[in-house]
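# Residue-level structural notes
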Amino acid sequence: TESEHFLQFCFNVNDFQLLSKKRLPKDKYEYLASGTDDAQTLAENRAAFKRWFLRPRVMRPVGRISTRTSLFGHAVQMPVFVSPAGVHAICDEQHGECATARACEKAGILFGLSQHSTRSIEEVAAATPSSLKFYQAYILNDREKTLSLIRRAIRTGYQGIILTVDSVRFGYREPDARNGFNALPPPHRLVNYDGPVETENGNRKPLALDQTYNSQEKKSWDQNTEQMFEQNASWVDVAWIKREVLPPGVPLVIKGIMTAEDAILAMEAGADGIMVSNHGGRQLDGCLASIDALPEVAKAVGGRVPIWLDSGVRRGTDVLKALALGASAVGLGKPVFFALSVGGEAAVSYMLQLLQTELEAAMAICGVESIDQVTPDLVMRHPAAFDPTTAASSKMLFRSSL
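Small disclaimer: the values here were computed from a predicted structure and weren't measured.

## Describing the environment of tyrosine 138
With respect to the helices and strands, the residue tyrosine 138 is situated in the loop between strand E6 (133–137) and helix H7 (143–156). Those residues in contact with tyrosine 138, other than ones at most four positions away along the chain, are Gln115, His116, Thr146, Leu163, Thr164, Ser167, Phe170, Phe229 and His279.

As C-alpha cells, this is what we get:
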C-alpha cells in the first residue's frame, strides 16, 4: 500500500516529519510544525537535548533490558506517552484520535486525549476499551462546561486528568496568519463541544461554531479559539476542579510548568503530577527548552509527585536523558501528527517501535537493565561547555526541529 511504501523509508522519528512535509498541504504542515514568533524555543527544544551528554557504563549485566514502568500505578511498556494535542483528523481524516489511541494501546503506553480532539471522549474510549487514557482539559469561560467535560471523561473510564495551565492565551502563530489558516478545515470539528448550550434565561440552543473556535475574526486559528478560555484563572481554580470533580484515585497532572515556583504552587493546589512543557515551542517564544527547565522543577518537587516532560523528544537517548534528569515519563507531540499523516495508525505504531528500540540500546550502553536503575549520574554537561548548535551540524539540527 501507499502507507507501507512510505514506512520503508522511515528509520527514526525525524524521518516521519520529512515525509509528512512532502505529503501534507503547506498550510496544514506549517500549522503542525511551526512555533511562535521567531521559533527560537521550537529550535531550542531540540538543541538543548544535544547539550546534555550521557555517561556510558560498561561491564554491567544488560541481558534482560526492560523498558517497562508504571504511571500512577498503571503498568506501561515504556516511559513514553502521547501528549494530548488536538485535531488528529487533520492527518488521519477517517480515524483521527482513534487511530493514535489504538497505536498506543498496541504499544502498551498512555494516550492523552485533548479537549480539542476531532473524535469524542466516548468514541476514543470505545475504540480502546482496555487501554490507559488520560483526558486533557482547559479552563473555559463556561465553568460548568469545564466541569462537565471532565465528568464525561471520568464517567467514560479515563484514568486521569491532565489540566493544561499555560494556555490562557495562545502564542501568535505567524505561519497560520500567512497561510490563511484561521479556522478548522471542514468537515472537522472540535466534537467535544458539540451539543446545545444554555442561555441566560435557561433555554437551550445549538452551539454556534462561528461564535467559538471558528469565528475567523483573527488571522490565525489558535487566536480564534482563545475566546473560549478563562483568562483570569488562578491556582484557586485548580483546587476547585480537583475538589468538584476528581474522585479518589483519579490523578490530576498539571501541564505547562516551567519553573520551580509554579511547580510548588501546583502541588499546593493539589497536583498529583507535574508536566514540564513549553507546548512544543508553540507558546512563549524565548523561554527555555523543557529539558533545561526540568532540573529546576525536579529539585523543587523533591520526589513528592511524578514529573513528566514533553517538547522536543525525538530519540531514545532523549528519553534516557530526561529520565536521568528527574522525569518519570516523556511525551510525544508533533511526531505523532507527522506519523499519522504518513501512514495512520500503522505509522504511529512503527514510530513507537523505533523509539523503544533506541531506548533499549541506550539503556544497554549506559549499563542499566531497567527504568528504576536510571540515575542522575548517567547525564552531564560537557566539561568544555561544548555547544553543538555552533558546530557545522547546526543547520541540520535546526531543520529537524521545524
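Structure shown, so let's carry the discussion forward.
## Notes on the packing of helix H2 (residues 13–23) against helix H14 (residues 334–365)
Contact geometry of H2 with H14 gives a least axis separation of 10 Å together with a crossing angle of 165°. Here H2 lies roughly antiparallel to H14, going by the angle between them. Between H2 and H14 the crossing geometry is right-handed. Between H2 and H14, the contacting residues are Val13, Phe16, Gln17, Leu19, Ser20 and Arg23 on the first element and Pro335, Phe338, Ala339, Ser341, Val342, Ala347, Tyr350, Met351, Leu354 and Leu355 on the second. For the contact of H2 with H14, a count of residues per class yields 12 nonpolar, 3 polar and 1 charged.

## Observations concerning the pattern of salt bridges
Counted under the stated rule, the structure contains 19 salt bridges. With a closest N to O distance of 3.4 Å, glutamate 230 and arginine 143 form a salt bridge. In this pair, glutamate 230 is assigned in the loop between helix H9 (221–225) and helix H10 (235–245) and arginine 143 in helix H7, connecting sequence segments 87 residues apart. Among the salt bridges present, the one from glutamate 244 reaches arginine 243, with a minimum N-O distance of 3.9 Å. Linked by salt bridges that have partners in common, Glu44, Arg51, Asp292 and Arg381 make up one network.

## Describing the side chain of serine 117
Structurally, serine 117 can be placed in the loop between strand E5 (111–113) and helix H6 (121–127). A distance of 2.7 Å separates a polar side-chain atom of serine 117 from the backbone oxygen of arginine 119. Apart from the residues lying within four places of it in its own chain, the contact partners of serine 117 are Gly86, Val87, Glu97, Arg189, Leu190, Val191 and Asn192.

## Considering the packing of helix H3 (residues 26–33) against H14
H14 packs onto H3 with a crossing angle of 155° between their chain directions and a minimal axis gap of 9 Å. Relative to H14, H3 is oriented roughly antiparallel. Within the contact between the two elements, H3 uses Tyr29, Leu32 and Ala33 and H14 uses Lys334, Phe337 and Phe338. By residue class, the composition of the contact of H3 with H14 is 5 nonpolar, no polar and 1 charged.

## Digging into the packing of aromatic side chains
On inspection of all chains with the given rule, the structure shows 14 aromatic pairs. Here the aromatic rings of tyrosine 213 and tryptophan 221 are separated by 6.5 Å at their centres, their planes lie at 85°, and the arrangement is edge-to-face. When its relative accessible area of 1% is taken as the criterion, tyrosine 213 is described as buried. Take tryptophan 221: its relative accessible area is 1%, and that puts it in the buried class. Taken together, the aromatic side chains of Tyr31, Phe181, Tyr193, Tyr213 and Trp221 make up a single cluster linked through ring pairs. The lysine or arginine in question, arginine 143, covers the ring of tryptophan 240, its NZ or CZ lying 5.5 Å from the ring centre.

## Section: unusual backbone geometry
The omega torsion of the bond from proline 186 to proline 187 falls at 10°, within 30 degrees of zero and hence cis. Along the chain, proline 187 falls in the loop between helix H8 (174–179) and strand E8 (196–198). A positive phi angle, near 65°, is found at histidine 279, a position not held by glycine. Considering the arrangement of structural elements, one finds histidine 279 in the loop between strand E11 (273–276) and helix H12 (290–301). In this structure histidine 279 comes out as buried when scored by relative accessible area, which is 15%.

What counts, and at which threshold
Residues numbered from 1 in each chain as written. Predicted model: local features only at pLDDT ≥ 70, side-chain atom pairs only at ≥ 80, totals over all residues. Heavy atoms only, no water. Helix = DSSP H or I, 4+ residues; strand = E, 2+ residues; numbered from the N terminus. Contact = heavy atoms within 4.5 Å. Axes fitted to C-alpha atoms, helices over the stretch in contact; angles between N-to-C directions. Parallel < 35°, antiparallel > 145°, perpendicular 65-115°, else oblique. Left-handed = near helix turned anticlockwise from the far one by under 90°. Nonpolar A, V, L, I, M, F, W, Y, C, P; charged D, E, K, R; others polar. Salt bridge = Lys/Arg side-chain N within 4 Å of Asp/Glu carboxyl O. Polar contact = N/O pair within 3.5 Å; in protein donor to acceptor, adjacent residues only side chain to side chain. Phe/Tyr/Trp six-rings, centres within 6.5 Å; stacked < 30°, edge-to-face > 60°. Buried < 20%, exposed > 50% of the residue type's maximum accessible area, 1.4 Å probe, protein only. Lys NZ or Arg CZ within 6 Å of the ring centre and 35° of its normal.

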